[in-house]
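Structure at a glance
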Amino acid sequence: MIAQLTERPVGRVYATVRDRLGRTPYWSRVVVSLVAIGVAVIFWNDDYVTAVAVSVATYAMLGLGLNIVVGYAGLLDLGYAAFFAIGAYTSALLMTQAHWNFFTTLPFAVLFTGTAGAILGYPTLRLRSDYLAIVTLGFGEMTRITFNNWEYAGGPNGVLGIPWPNFFGYELNTQADFFIVGLFLLAIAMIFAEHLDHSRLGRGWVAIREDEFAAESVGVPSLRLKLFAYVMGGMWGGLAGAFFATRIGAIDPTSFTFQLSVLILIVIVLGGTGSLPGVLLGALVVVALPELLRELSDVRLLVFAILLVGMMLLRPQGLWPRIRRKPKPFYGLQEEEPEDVAARILREHQVQMEERDRRHAAAGHKVPAAGEILLEVDGLVQQFGGLRAVDNVSFSVRRGEIFSIIGPNGGGKTTLFNCITGVQRPKRGRVLFDGRSIVGLRPHVIVSRGIGRTFQGIRLFKNMAVFENVMVGLYPRHRTMTWQAMLHTPGERKDELRTLQESRRWLSFVGLESMAGQLASQLSYADQRRVEIARALAAHPHLVLFDEPAAGMNPTEKLELVGIIRKIRDLGITVVLIEHDMSLVMRVSGRIAVLDHGILIALGKPAEIQNDPAVIEAYLGREDDDMGRLTAQEA
Amino acid sequence: MALLEVRDLHVYYGNIEALKGISLSANPGQIVAILGGNGAGKTTTLRTISGLLRPRSGSVMCAGKSLVGVDAHVIVGMGVSHVPEGRRIFNILNVEENLNLGGYLIRAQHQLIKERKAAVFGLFPRLAERRGQLAGTLSGGEQQMLAIGRALMSDPKVLMLDEPSLGLAPMLAKSVLKTVREIADRGAAVLLVEQNARQALAIADHAYVIEVGRIVLEGNAAVLAKDERVQKAYLGGFESVGSA
Amino acid sequence: MGDFLQYTVIGLTVGSFYALVALGYTIVYGIIRLINFAQGDLSMVGAFLGWTLLVSFGFEHLPIYLALVIAFVVPMIGTAVVNLGILQFAYKPLLRRSLLAILITALGMSLLLQNSAELIWGAAIEAYPPNLLPSSGFFVGPVHVTYVQIALVVASLLLMGGLVAFIQGTTIGTAMRALAVDHDAARLMGINVDAVIRIAFVLGAMLAAASGVMLGIYYVQIHFTMGFLLGLRAFTAAVLGGIGNIPGAMAGGMLIGLLEAYTTGYLSGTWEDVVVFGVLITVLIVKPTGLFGERVAERM
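Residues numbered from 1 in each chain as written. Chains lettered and ligands numbered in written order. Predicted model: local features only at pLDDT ≥ 70, side-chain atom pairs only at ≥ 80, totals over all residues. Heavy atoms only, no water.

1. A short note on the overall build of chain A
In terms of regular secondary structure, chain A is built from 25 helices and 12 strands. Taken over 635 residues, chain A has a buried fraction of 58%. Measuring between centres, the 62 positive side-chain charges of chain A sit 3 Å from its 59 negative side-chain charges. (Helix = DSSP H or I, 4+ residues; strand = E, 2+ residues; numbered from the N terminus. Buried < 20%, exposed > 50% of the residue type's maximum accessible area, 1.4 Å probe, protein only. Lys, Arg positive; Asp, Glu negative; His and termini not counted. Charge placed at Lys NZ, Arg CZ, Asp CG, Glu CD.)

2. Some points on helix 6 (residues 102-124) of chain A
Taking 1.5 Å per residue, 23 residues should reach 33 Å; helix 6 of chain A reaches 33 Å between its end C-alpha atoms and fits that length. Buried within helix 6 of chain A are the following residues: A:Phe102, A:Thr105, A:Leu106, A:Ala109, A:Val110, A:Thr113, A:Gly114, A:Ala116, A:Gly117, A:Leu120, A:Gly121 and A:Thr124. For helix 6 of chain A, the secondary structure elements touched by its buried residues are helix 5 (81-97), helix 7 (129-149), helix 8 (175-197) and helix 11 (222-248) of chain A together with helix 11 (272-286) of chain C. A side-chain oxygen of the first residue of helix 6 of chain A lies 2.7 Å from the backbone nitrogen of A:Phe103; this N-cap is A:Asn101. (Expected span 1.5 Å × (residues − 1). Contact = heavy atoms within 4.5 Å. Polar contact = N/O pair within 3.5 Å; in protein donor to acceptor, adjacent residues only side chain to side chain.)

3. Considering the side chain of A:Thr454
Residue and element names in this part refer to chain A. As for its position among the elements, Thr454 is in the loop between strand 8 (451-453) and helix 18 (466-473). In this structure Thr454 comes out as buried when scored by relative accessible area, which is 2%. One polar contact links the side chain of Thr454 to the main-chain amide nitrogen of Asp547, over a distance of 3.3 Å.

4. Comments concerning the pairing of strand 10 (residues 574-578) of chain A
Residues and elements named next belong to chain A. Summarising burial for strand 10: five of the five residues are buried, a large majority. Burial along strand 10 is two-sided: Thr574, Val576 and Ile578 and Val575 and Leu577, pointing in opposite directions, are all buried. Inspection of the sheet shows strand 9 (residues 543-547) paired to strand 10 by five bridges, in the parallel sense. The partner of Phe546 across the bridge, within strand 10, is Leu577. With respect to chirality, the unit in which strand 9 leads through helix 22 (residues 555-570) into the neighbouring parallel strand 10 is right-handed. (Pairing = 2+ DSSP bridges. Right-handed = clockwise from strand over helix to strand, strands pointing away.)

5. Re the interface of chain C and chain A
You'll often see interface size given as the accessible area lost when the parts meet. At the junction of the two partners, chain C supplies 42 residues and chain A supplies 37 residues. Across the chain C to chain A interface the summed buried area is about 3500 Å²; carbon plus sulfur atoms make up 81%. It is C:Leu100, C:Ile104 and C:Leu107 in chain C that bury the most area against chain A; as a group they hold 16% of the surface buried on that side. Here chain C is connected to chain A by one salt bridge. Of the charged contacts in the structure, one is a salt bridge between C:Arg33 and A:Asp130, with a shortest N-O distance of 3.8 Å. In this assembly, chain C and chain A are joined by two residue pairs in polar contact (both at pLDDT 80 or more). When contributions to the side of chain C that touches chain A are tallied by element, the ones reaching two or more residues are helix 3 (64-91), helix 4 (99-121), helix 9 (226-241) and helix 11 of chain C. Here the element with the most residues in the side of chain C that touches chain A is helix 4 of chain C; it accounts for 15 residues. Of the residues belonging to the side of chain C that touches chain A, the class tally is 31 nonpolar, six polar and five charged. (Buried area = accessible area lost by both parts, 1.4 Å probe. Salt bridge = Lys/Arg side-chain N within 4 Å of Asp/Glu carboxyl O. Nonpolar A, V, L, I, M, F, W, Y, C, P; charged D, E, K, R; others polar.)

6. Observations regarding the environment of A:Gln528
All names here are of chain A. Looking at where Gln528 falls in the secondary structure, it is placed in helix 21 (residues 525-537). C-alpha separation for the pair Gln528 and Glu401, spaced 127 residues apart in sequence, amounts to 25 Å. Among residues more than four places away in sequence, those in contact with Gln528 are Ile458, Leu460, Ala520, Ser521 and Leu523. At 3.1 Å, the side chain of Gln528 forms a polar contact with the backbone oxygen of Leu523.

7. Things to note about unusual backbone geometry
Phi at A:Phe168 is positive, roughly 45 degrees, even though this residue is not glycine. Its identity is not glycine, yet B:Val212 carries a phi of approximately 45 degrees, on the positive side. Inspection of the secondary structure assignment puts B:Val212 in the loop between strand 9 (206-211) and strand 10 (214-220). For B:Val212, a relative accessible area of 23% corresponds to the partly exposed category.

8. Brief notes about empty space enclosed by the protein
For the structure shown, the criterion picks out five cavities of 30 Å³ or more. In terms of lining, the largest cavity is formed by 14 residues, of which the most central are A:Leu137, C:Tyr25, C:Phe37, C:Phe228 and C:Leu232. Only helix 7 of chain A together with helix 4 and helix 9 of chain C provide two or more residues apiece to the lining of the largest cavity. It is helix 9 of chain C that contributes the most residues to the lining of the largest cavity, five residues altogether. Here the residues of the lining of the largest cavity are counted per class, giving 10 nonpolar, three polar and one charged. (1 Å grid on protein atoms, 1.4 Å probe; cavity = no way out; pocket = protein on both sides within 12 Å on 5 of 7 lines; lining within 4 Å. Points joined across faces, edges and corners; volume = space filled by probe spheres on them.)

9. With respect to the domain arrangement of chain A
Residue and element names in this part refer to chain A. Domain boundaries in chain A define domain 1 (26-260), domain 2 (368-450 + 542-568 + 576-622) and domain 3 (463-540). A C-alpha centroid distance of 49 Å is found between domain 1 and domain 2. With 11 residues of domain 1 in contact, the opposing surface of domain 2 contributes five residues. Both sides together, the interface formed by domain 1 and domain 2 hides about 580 Å², and carbon and sulfur atoms give 60% of it. Run the count over domain 1 and domain 2 and you get two residue pairs in polar contact (both at pLDDT 80 or more). In terms of residue class, the side of domain 1 that touches domain 2 is built from five nonpolar, three polar and three charged. (Domains from an automatic or database assignment.)

10. Comments concerning the sheet that holds strand 12 (residues 599-604) of chain A
Residue and element names in this part refer to chain A. Here we have six strands laid out as an open sheet, ordered 8-9-10-5-11-12, and mixed in their pairing. The open sheet has two edge strands, strand 8 and strand 12, and neither has a second partner. Between one strand axis and the next, the sheet turns by 20 degrees as a mean value, whatever way the strands run. The pairing of strand 8 with strand 9 spans three bridges and is parallel. Bridging across to strand 9, Arg453 finds its partner in Leu545. Taken strand by strand, helix 21 contacts strand 8 and strand 9, and its axis lies near 155 degrees from that of strand 9. (Axes fitted to C-alpha atoms, helices over the stretch in contact; angles between N-to-C directions.)

11. Section: the packing of aromatic side chains
Scanning all chains against the criterion turns up 34 aromatic pairs over all chains. Geometrically, the ring pair formed by A:Tyr80 and A:Phe83 is tilted, given 5.6 Å between the ring centres and 55 degrees between the ring planes. Ring centres 4.6 Å apart and planes at 20 degrees place the aromatic pair A:Phe258 and C:Phe228 in the stacked group. Remark: C:Phe228 occurs in helix 9 and A:Phe258 occurs in helix 12 (residues 258-271); the pair is interchain, linking two chains. Neither A:Phe258 nor C:Phe228 differs from the other in exposure class; each is buried. Positioned above the aromatic ring of B:Tyr12, the side-chain terminus of B:Arg56 is 3.6 Å from the ring centre. The residue whose ring lies beneath B:Arg107 is B:Tyr104, and the NZ or CZ to ring-centre distance is 4.2 Å. (Phe/Tyr/Trp six-rings, centres within 6.5 Å; stacked < 30°, edge-to-face > 60°. Lys NZ or Arg CZ within 6 Å of the ring centre and 35° of its normal.)

12. Describing the sheet that holds strand 8 (residues 189-193) of chain B
Residues and elements named next belong to chain B. Ordered in space as 6-7-8-3-9-10, the six strands form an open sheet in which the pairing is mixed. Two strands in the sheet have a free side with no partner beyond their single neighbour: strand 6 (80-83) and strand 10. On average, adjacent strands in this sheet sit at an angle of 15 degrees to one another, irrespective of strand direction. As defined by bridge partners, strand 3 (residues 31-35) adjoins strand 9 across four bridges and the pair is classed as parallel. Of the residues in strand 9, the one forming a bridge with Val32 is His206. Of the strands in this sheet, strand 3, strand 6, strand 7 (158-162), strand 8 and strand 9 touch helix 1 (residues 42-49), which is tilted by about 145 degrees from strand 7. In the packing of helix 6 (residues 140-152) onto the sheet, contacts are made with strand 6 and strand 7, and the angle to strand 6 comes to roughly 170 degrees.

13. A short note on the nonpolar core
By size, the foremost hydrophobic cluster in this structure holds 235 residues, and its most contacted members are A:Trp205, A:Trp236, A:Ile251 and A:Leu265. Each of domain 1 (26-260) and domain 3 (463-540) of chain A contributes no fewer than three residues to this core. In this structure, A:Leu265 is in contact with A:Leu66, A:Val70, A:Leu76, A:Leu78, C:Ile104 and C:Leu107, ignoring residues within four places of it in sequence. If you look at the next biggest cluster of nonpolar residues, it comprises 60 residues, including B:Leu123, B:Met153, B:Val176 and B:Ala200. (Core = buried A, V, L, I, M, F, W, Y, C linked by side-chain atoms within 4.5 Å.)

Encoded structure:
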């Protein structure tokens, strides 16, 4: 609210204009602007300018591809030139050796580089990100050296005499021809990239970049998505490579050095990682700046190095950053009355639950009715070194109840949650959900089985808008495929709209609809907690695990939280709570389990727990701990 | 004025107010217990005094000098030692190396280091037996001894202990706390954060009960030990939903 | 067999250079989890500083021992100053920001050093005085060993020994190891963490500079891009040995040196980097903690 009020009117007008513009289809904007640029350059009618423009287009294509890997998924790729090389060589060899037409080689260039991305990506996905950077660097160098040593591909001399592209009998051989082809390919690359950006895939990537652990825990299959990022990034590089090969007419390994990989990285860092117009701007700077500063060509890279470090220190978001904040995220959606929203959520949730129960029953499993056991933890043991964090804990949670887990610090509560949600694999014991074991499943699979969670320290995707956070939570429920997302098909559009609508409902459920367009990091602590709850609910879980939801809240906020928790239960969702605020726990819980030193020391109704000597002892120490009042004299 | 004097401390994590005006004091030879449920702000209080966190406002004075805004490593030199929660010993170093690091600020005075080490070994003979052993391979109790011994190497005027009995068997916890009493009796002011309120109150002279960043009870330890409100602070408190 | 031993001698010589640079990576990474991409380029800077002293300033005509002392000590100090500047100016403001930002900055610093060197010393290949040390040698059975090789390996071993003595034997060295475990706990011991990080950067730069001068003496030719591959191979060595692990980095350096010598000897020089990177990728995938285990600080 405050942020909106303090925004200057100029900024607001600008934002509104941008918002309006943002509602025309993206492809139309790309086509209009690229046609405008094309017409301008062609009317300029200067071969030199046209040639520079072709280079800008090539770098922009490369930048778009690298942007998927680095900008969205947050994986630093220092060997991106390898994809450019593989695309160029594939196309060049097919044209010179097999005498194919340029346009027919394109799919193969893209296919090969995509495959190369998968080959690089698959084994390296689990590496930590700094090692990954070095591995990609090594991959880039290996690729270049391999081409250098490969006789069939001409060794150090490369492939010569690559023919001009032939377009239905018309040979494209002037700079202007290439410029048109380049713009055409760039337009395709941009439209696809933008569609991906606004699909569940794009949101999933950014979520991984922001917090991979949290992304996985709300249902995003992080490994698969990282692999996808490599494959997609590779494909864009392949497209640019093929175009480069036919345009230059001769390629050799020196065109694909580490330096090129760094230049492409500079393109996206300058423009702003994750920003599509930023990529165009970055490509323009990287290509045109050296042309403008001819006399400084010796220090070209020095200037870029200074730019790179300077950008990181002073303007890490880039020159034309991607703005994820949105003044009116739900513009154009059908308005709904608040009572209506609650009813719709309930109806939708019941539909989802029934659907799930039906599938579950059809697969031959027993569906627990309300009051029957939903989650069963049996003899769970988790050990770190010599310390038993969870020691032979057994309990069960019944469908529809609010179940709390309390206990002193270091009691093993969060470890227990981590074992249930697949973050850790317990040493021993069983965890049954809906009658099926979930031990050993990856966290995102457990989410899709119907368990949602929040975290002790809030783990939102800080640089995404609030509504996007909730939409990430809806990831497991999308039914569209990647190709549909790239083409932005009507089916995908409907799916997106439905997701947006649902994220709005969930936000209104926790009372945050008015904040939907802000960045998650701008919200107050209590509101961030509520966004986390909405994100966990968005996938329509059977069971939610809340880890200290009231921590840091003031009494009013706690009271609201109690209301939300009860509303969740009323939807039919089972709630398991770790919480330190005892009055809150005593108020909402049906039953309470107490963990101390990893051992379950009590389980029962709130009143029983409050008067249980073992519990009092765990919290306060034993009666005989008075040790006869040690005094200074005694000791 | 007391040796350690904390006045109206306000500490924030981002925009969350974790401490809402904590004031306390401690004198040489005294054990001052800080009690309260999880998330009450006990650890935050200690971390602020030792300089790991910066308060937004309020003052911390030790022997007449302000500790606010002073770097943590300098504060150690001013006579305040902090044994953090979870012990945080250097597990890839051996026992002796851990102790040497405790005496980092007097590292040039080999004789003094030797004397202090001897004193620590006198207090914890078990550590002397294991001086060459990697700290990570010690038992939980021994690790706690090492953490305390390491803090004593700088011969602190104020020793702050964050849950020294956490994760220890009851007998061991008792013996650790007895040693804490001994350390205080030798003249240090001890600030003791404990989950186990009864044990803490048994050895402490004075105690504060913190809840949600505020001190809700304060007084003589022996008196507080009989106060039912202490129990309430742990199992359903003063300032919470119930009373809101 | 003779070939094999000959390659082994070459491999150990080159490996000791890699080990020195790898130590720089490992010390810095162990403490602040930063891949200082500029490490290899610091080596290049050291090589050029040494060259400037020996050739441009004519110190090569001084008595050999004096010339060597100057050619090692001054570049080591100069490079340490450069690395401190990098730490203070570029890394320090970013240490609490995202990993991506730090990595990109480190890469930028590497480029900056390379291109500054090009600006200062030019793009041409420069040559160390070819006969600074006697180029003769002797035979052990079929294996030819030169005095240069012996001198350089001994010098590297002395430097490494000095480093190990410092890290294992002094309280500041102990503090450096402690930083790999827990920064806050170290602060509570009275350790000035920033100062210890600076010491690590100084040590890393000095080792890199020494290896640069050695490379100059051994290969004679130096070029402003020489740091790139050197850095990559040394990083591979550090990872191979388990990053943060000091004996591991030394062993890793030797292993990479040997691997390179055997590849060049038995296969072809054009494949050596493919083999080295292949090893790097394989190690990272199969055993990312290296052959000897890693010792690394939690990300702050």
